[in-house]
Amino acid sequence: MRRFLPGLVVLTLAAVYGWQVMDIAILPADAREAMSARTLPLVLTAAMTVIGVLLLVTAHAQATASSPVRRGDGRKAVGLLGVCALSATLLDPLGVPVTTALTLAAGMWLLGERRILPLLAIPAFVSVVLVVLLLLLAIDLPAGSLWSKHV
Amino acid sequence: MVHGDEDLASLHFLVPGGAGGGWDTTARATGSALIAAGLVDSVSFENRSGAGGGRGFSTMLDPRARTLSMVMVSSTPILVRSQRSEYRQNWRQLTPVASMIGDYGAIMVRADAPLQSLAQLVDALRADPRAIKFAGGSNRGDTDHLILAAVFQAVGLEPAQARYVPYGAGGQAMLALLSGETGALASTVGESIHQVRAGNVRVLAILAPERLPELPRVPTFTESGYPVEFLNWRGFFAVPDLEAVQRDRLIDVLTRLRSTEAWQAMLRRYSWVPVFHAGDDFARYLDSQETQIRALMHALGFLG
Amino acid sequence: MFDGFLAGVDTAFTSFNMLMVITGCFAGTFIGMLPGLGPATAVALMIPMTWGLDPAAAIILMAGVYYGAVFGGSTSSILINAPGCSSTVATAFDGYPMAQRGAAGKALAVAAWSSFSGGMFGAVGLLVAAPLLAKLAMTFQSPDYALLMLLGLTAVASLSGHGQVLKGYAMALFGMMLATVGTDGITGLPRLTFGQPDLVDGLNFVLIAMATYALAEVVLGVLEDRLPGDGGATARFRDLALNRADVRAVAPVIARQSLLGFLVGVLPGAGATIASFLAYSTEKNLAGATARPPFGEGNVRGVAAPESANNAATTGAFVPLLTLGIPGSGTTAILLGAMIAHGLQPGPRLYADHPEVFWSVIVSMFVGNLMLLVINLPMIPWLAKVLRLPSHVLMPLVVVFCLLGVYLVSFNPGDVLVLVVIAAIAVFLRRLDFPMAPLLLGFILGGYLEDNLQRAFILYDGGLGFLWQRPASAVMAIATLVCLVLPLFRRSGITATD
């Protein structure tokens, strides 16, 4: 099964993309031109489909070339992506300095740091350095909406 | 209704595009002139690029993000955008404050082009509307394309027949003209002024109500018998439902800015043409320009 | 002309202008190293600081910041696989594997010497041939650009590893698909955005590179339990001295790719990023399968090629800017705006009206590139110390670098979410042995291809007339076919003898 996976993934990409392409608007203004907003996307979908089929057909030859799969900690990897997604949602309410420190601390904890001092000191240090640098460059950071006065 | 009784000690400029762009330059020039003239104590700037200006717009609409002292810089494309239902953002949701500067549409050719005058261009287009290709620095259906469409309409041709070649930016459209890739260029005077001064480009006519001091020998379309104008203004909008008192304060500060030496210096530095409409006058102006833009977009087939 | 040049030398070598070159280079390198702050931001940040200066000093300062930022961007590419700006993405292909092998110091030194040589080569080109090259830039038109992009896409095969060519093409197509997301130039409407306003402006190249390389690398490291950085790779001063074999390997690469990069940079519709990719893939093709270590696994030539090309291209971009007044990129557009605001009119008149400005900017580039080398070489051992951090600190730092690198471009948290989603997809694809470099290539070239092809069709009334009416287009069309067909024959030749 695994040897057919690359081909199937490529065909899935082609199908999802091609399905979205059908939603691209064609305006009356496009009728007069050789290329519409759909032209290139349709060509890409077709080419991707051809490659997917070729990958399936040659699956037995491709399989020999692929490297052995190493096993690791899947939960940690998903956790790390989760931390990133979470920090994206925290950027608006908390602002850059706090979010940076929290993300860094969470990442370090996830990768095995359990000592309190480094977990506090390193993120705080990095966050302060960042703020100083951006202030020096006169880049206005939007303050987190939690700490600023609004209408 | 948004209330406010703090006076105009500070002004926060929201720029819906990146640093260094046209909106950014306008906001920062206005802000620093306000400080230099002593009309406002402090100004701050915030760049919110994204979604083709839509992110800045949604910040203005978001009750949690907006403040009374916030103004968003904008320009004619906000009207183009408002016509497209896909965006669900209309300038009428905001409070128009004032336009500060403006840039008139123009049709240009290379200095050594065989077309010497507007009359020759019109004759050539009437003989074959598809004979001349026009470069422009905006997407199809956006400002430079609309300038070309307005010209076609004014000389009695079908706007949809115009051959408009879109380039990613004004500079690339200018290169297309200079290199002979296209025969003509539809753009604005300000975008092209340094090439005009350098003598590389000839402006055939401008879409302005009267001749510009910078180009005294270039005729307007109107005086040549084709009444048409197209202005790309740049100006400011405040948050929705702003109380009249606060709006009048903003208008008052910008009105007083106009006669200061600081602002005049900015106009000279960037070769800007002042075009001032404020408050209800600005809103009426936007209304009439919106009617013009809608009609042109319909004629081009960009509104279903 | 010679009088103007001498006036330029005079202007450039005043002590104040020398100070401006040094300040510009220093600030540029530094800003270029920071996440998310590329050359465009660096130059824009400098504009308010130049108001009190005379025009020549201002332009010298901003030019220094510009090529300084391109210079500095390579550091993070090499050390943590996270490019500082789009033109240094290709530097990571071999620079990062070198760093992982413990040769971070050498990789940074090769990058510094290549950037220096590329910049110097570009400055010489600018000095002797600017007006001539401007004519070259004028002859290249939309159909030619379209075919140049097609030709560039044939590099996919060389960017894919052994047995990966089909997967490489799949990824190039995927990259082009990602490039079609956002507002298209044909209708001016958003397409393929899944209704997300954050996608209306399209995806950003640095975001894609951060997602597929840096962030995906960290997540893969955790997933496969092989955290990079544990090697304690470090650099001592002696690593900076390249040995004779290195010099012999790198020198011809720098010479070739500086020339290529400079010519691509002169074209207003291409730029430093395309130049670096073309340089990398041509060099990989020239080296063939016998290169040791293979390209992609830490070959010094794979660092030298993109680094000399991108700096030469950055200098090349000054040709259309100074001689025609035409900006070829976002950064040069900002520079143009600043020059006009300082009362200068770039174009033929600049040459005539302000020869001292024109020549002093060029002359200052020689000093600037020398300065960059002097500033950067001693910093390398200190920079490389980053890799001695334990991986449970370094890896979260890389993650934060990526998040900030994306956020500080647009201040849009939505972009950060897009980064995470693309990184997750990239991890999945990399587990299935799909190569990522073709994806980046497809992404850069895809957008240019569509825009230029659309223009070509309008200009030639919907036909393919440009293929035989334009010699440049015809040559590139034939070259594209050769590049596509030749490998097929070569492969069948091998199987026949096997």
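Quick caveat, the model's predicted, so the values are computed rather than measured.

Caption draft 1: Molecular detail of the overall build of chain B. Counting its regular elements, chain B contains ten helices and ten strands. Relative to a compact globule of 304 residues, whose C-alpha radius of gyration would be 19 Å, chain B shows 20 Å and is just as compact. Each principal axis of the C-alpha distribution contributes one length, and for chain B these read about 60 × 45 × 30 Å. Total accessible area on chain B stands at roughly 11100 Å², and carbon and sulfur atoms take up 49% of it. With 28 positive and 30 negative side-chain charges, chain B shows a separation of 5 Å between the mean positions of the two kinds.

Caption draft 2: Looking closely at the overall build of chain C. When helices and strands are counted, chain C shows 23 helices and two strands. Here the C-alpha coordinates of chain C stretch approximately 65 × 60 × 50 Å along the principal axes. The buried share among the 498 residues of chain C stands at 66%. For chain C, restricting intrachain contacts to residue pairs at least 6 apart in sequence, the fraction spanning at least 24 positions comes to 78%. Summing over all exposed atoms, chain C offers an accessible surface of approximately 16300 Å²; the carbon and sulfur share of this is 69%. Between the centroid of the 23 positive side chains of chain C and the centroid of its 25 negative side chains there is a distance of 11 Å.

Caption draft 3: Focus on the packing of aromatic side chains. Using the criterion set out here, one finds 22 aromatic pairs over all chains in the structure. Judged by centre distance (5.4 Å) and plane angle (20 degrees), the rings of Phe13(B) and Phe45(B) are stacked. Of the two residues, Phe13(B) is situated in strand β1 (residues 10-15) and Phe45(B) in strand β2 (residues 42-47); the sequence distance between them amounts to 32 residues. Of the two residues, Phe13(B) and Phe45(B), neither departs from the other in class, the shared state being buried. With centroids separated by 5.7 Å and ring planes inclined at 80 degrees, the aromatic side chains of Phe93(C) and Phe277(C) adopt a geometry described as edge-to-face. With Phe93(C) in helix α5 (residues 91-100) and Phe277(C) in helix α13 (residues 272-287), this pair connects stretches of sequence that are 184 residues apart. Each member of the pair Phe93(C) and Phe277(C) is classed as buried.

Caption draft 4: Summary view of the interface of chain B and chain C. At the junction of the two partners, chain B supplies 37 residues and chain C supplies 42 residues. Summed over the shared surface of chain B and chain C, the number is one salt bridge. In this structure, Asp461(C) engages Lys133(B) in a salt bridge whose closest nitrogen and oxygen atoms are separated by 3.6 Å. Viewed at the interface, chain C and chain B are joined by seven residue pairs in polar contact (both at pLDDT 80 or more). Every element with two or more residues in the side of chain B that touches chain C is listed here: β6 (163-166), α6 (170-178), α7 (189-197) and α9 (261-270) of chain B. For the side of chain B that touches chain C, the element with the most residues is α6(B), which contributes five residues. Broken down by class, the residue content of the side of chain B that touches chain C amounts to 13 nonpolar, 15 polar and nine charged.

Caption draft 5: Focus on the interface of chain C and chain A. Across the boundary between the two partners, chain C contributes 62 residues, which contact 67 residues of chain A. It is Leu166(C), Met177(C) and His392(C) that lose the most area in chain C upon contact with chain A, and together they represent 11% of the buried surface on that side. Our enumeration of links across chain C and chain A arrives at zero salt bridges. Here chain C is connected to chain A by three residue pairs in polar contact (both at pLDDT 80 or more). Those elements that place two or more of their residues in the side of chain C that touches chain A are α2 (15-33), α9 (165-179), α10 (205-223), α19 (391-410), α20 (413-431) and α21 (437-459) of chain C. The greatest single-element share of the side of chain C that touches chain A, amounting to twelve residues, is contributed by α19(C). Across the side of chain C that touches chain A, the residue classes tally to 45 nonpolar, eight polar and nine charged.

Caption draft 6: Representation of the packing of helix α3 (residues 39-46) of chain C against helix α4 (residues 55-80) of chain C in the model. Residues and elements named next belong to chain C. α4 packs onto α3 with a crossing angle of 155 degrees between their chain directions and a minimal axis gap of 8 Å. Between α3 and α4, the angle is such that the two are roughly antiparallel. Considering only the axes of α3 and α4, their crossing is right-handed. Taking contact as the criterion, the partners of Pro-39, Ala-42, Val-43 and Met-46 in α3 are, on α4, Met-62, Val-65, Tyr-66, Ala-69 and Val-70. Considering only residue class, the contact of α3 with α4 consists of nine nonpolar, no polar and no charged.

Caption draft 7: Structural detail: the confidence of the model for chain C. Overall, the predicted model of chain C reaches an average pLDDT of 85, with 95% of residues at or above 70. Predicted confidence is poor over residues 492-498 of chain C, with pLDDT under 50, and the contacts of this stretch with residues over four places away or in other chains come to zero contacts.

Caption draft 8: Geometry of the domain arrangement of chain B. Residues and elements named next belong to chain B. For chain B, the domain assignment lists domain 1 (10-102 + 232-300) and domain 2 (103-206). Using only C-alpha atoms to locate each centre, domain 1 and domain 2 end up separated by 27 Å. With both sides pooled, the region where domain 1 packs onto domain 2 buries about 1200 Å², and carbon together with sulfur makes up 66% of that total. When the area that domain 1 buries against domain 2 is broken down by residue, the three leading residues are Leu-296, Ala-299 and Leu-300, summing to 44%. If you look at where domain 1 meets domain 2, you find zero salt bridges. Our count for the domain 1 to domain 2 interface comes out at two residue pairs in polar contact (both at pLDDT 80 or more). With six residues, the top contributor of residues to the side of domain 1 that touches domain 2 is helix α10 (residues 279-300). Considering only residue class, the side of domain 1 that touches domain 2 consists of eight nonpolar, five polar and no charged.

Caption draft 9: Spatial organisation of the confidence of the model for chain B. Taken as a whole, chain B shows an average pLDDT of 89; of its residues, 97% reach a score of 70 or greater. Of the regions scoring below 50 in pLDDT, residues 1-6 of chain B engages in 17 contacts with residues more than four places distant in sequence or in other chains.

Caption draft 10: Structural detail: the nonpolar core. All names here are of chain C. Of all hydrophobic cores here, the largest spans 335 residues; its most connected members are Phe-93, Phe-277 and Leu-440. Tallying contributions element by element places α4 first for this core, with 17 residues. Beyond its immediate stretch of four places on either side in the chain, Phe-277 contacts Val-89, Ala-90, Phe-93, Leu-159, Phe-205, Ala-437, Leu-440, Leu-441 and Ile-444.

Caption draft 11: Representation of the environment of Asn17(C) in the model. Residues and elements named next belong to chain C. One can find Asn-17 in helix α2. In sequence terms Asn-17 and Tyr-280 are 263 residues apart; their C-alpha atoms lie 35 Å from each other. Setting aside anything within four residues of it in sequence, one finds Asn-17 in contact with Thr-11, Ala-12, Ala-57 and Ile-60.

Caption draft 12: Focus on the environment of Phe45(B). For Phe45(B), a relative accessible area of 14% translates into the label buried. Along the chain, Phe45(B) and Arg28(B) lie 17 residues apart, while their C-alpha atoms are 7.4 Å from each other.

Caption draft 13: Here's a closer look at a nonpolar patch on the surface. Residues and elements named next belong to chain C. The grouping of Phe-121, Leu-136, Leu-259 and Leu-263 at the surface amounts to a nonpolar patch, some 300 Å² of accessible area in total. For the nonpolar patch, the elements supplying multiple residues, two or more each, are α6 (104-139) and α12 (244-266). By the secondary structure assignment, Leu-136 is in helix α6.

Caption draft 14: Highlighting the pattern of salt bridges. Residue and element names in this part refer to chain B. Within this structure, the stated rule accounts for 20 salt bridges over all chains. Of the charged contacts in the structure, one is a salt bridge between Arg-110 and Asp-112, with a shortest N-O distance of 3.3 Å. Given a relative accessible area of 29%, Arg-110 falls into the partly exposed group.

Caption draft 15: Expanded view of the side chain of Arg84(B). In this fold, Arg84(B) is placed in the loop between α3 (77-83) and β4 (95-110). For Arg84(B), a relative accessible area of 5% corresponds to the buried category. Among all residues touching Arg84(B), those that are not within four sequence positions of it are Leu27(A), Met297(B), Phe302(B), Thr187(C), Gly188(C) and Leu189(C).

Caption draft 16: Layout of the state of the cysteines. This model, assessed by the stated rule, comprises zero disulfides over all chains. Here Cys25(C) is not cross-linked by a disulfide; its sulfur's nearest cysteine counterpart is in Cys85(C), at 15 Å. Overall, Cys25(C) belongs to the buried group, its relative accessible area being 0%. Cys402(C) takes part in no disulfide bond, and the closest cysteine sulfur, belonging to Cys84(A), lies 8.0 Å away.

About the thresholds
Residues numbered from 1 in each chain as written. Chains lettered and ligands numbered in written order. Predicted model: local features only at pLDDT ≥ 70, side-chain atom pairs only at ≥ 80, totals over all residues. Heavy atoms only, no water. Helix = DSSP H or I, 4+ residues; strand = E, 2+ residues; numbered from the N terminus. Rg over C-alpha atoms; globule rule 2.2 N^0.38 Å. Areas by Shrake-Rupley, 256 points an atom, 1.4 Å probe, with all protein chains shown as cover. Lys, Arg positive; Asp, Glu negative; His and termini not counted. Charge placed at Lys NZ, Arg CZ, Asp CG, Glu CD. Buried < 20%, exposed > 50% of the residue type's maximum accessible area, 1.4 Å probe, protein only. Contact = heavy atoms within 4.5 Å. Phe/Tyr/Trp six-rings, centres within 6.5 Å; stacked < 30°, edge-to-face > 60°. Salt bridge = Lys/Arg side-chain N within 4 Å of Asp/Glu carboxyl O. Polar contact = N/O pair within 3.5 Å; in protein donor to acceptor, adjacent residues only side chain to side chain. Nonpolar A, V, L, I, M, F, W, Y, C, P; charged D, E, K, R; others polar. Buried area = accessible area lost by both parts, 1.4 Å probe. Axes fitted to C-alpha atoms, helices over the stretch in contact; angles between N-to-C directions. Parallel < 35°, antiparallel > 145°, perpendicular 65-115°, else oblique. Left-handed = near helix turned anticlockwise from the far one by under 90°. pLDDT = per-residue confidence, 0-100. Domains from an automatic or database assignment. Core = buried A, V, L, I, M, F, W, Y, C linked by side-chain atoms within 4.5 Å. Patch = residues over 30% accessible without salt bridge, like charges linked within 9 Å, V, L, I, M, F, W, Y side chains within 5 Å. Disulfide = S-S within 2.5 Å.

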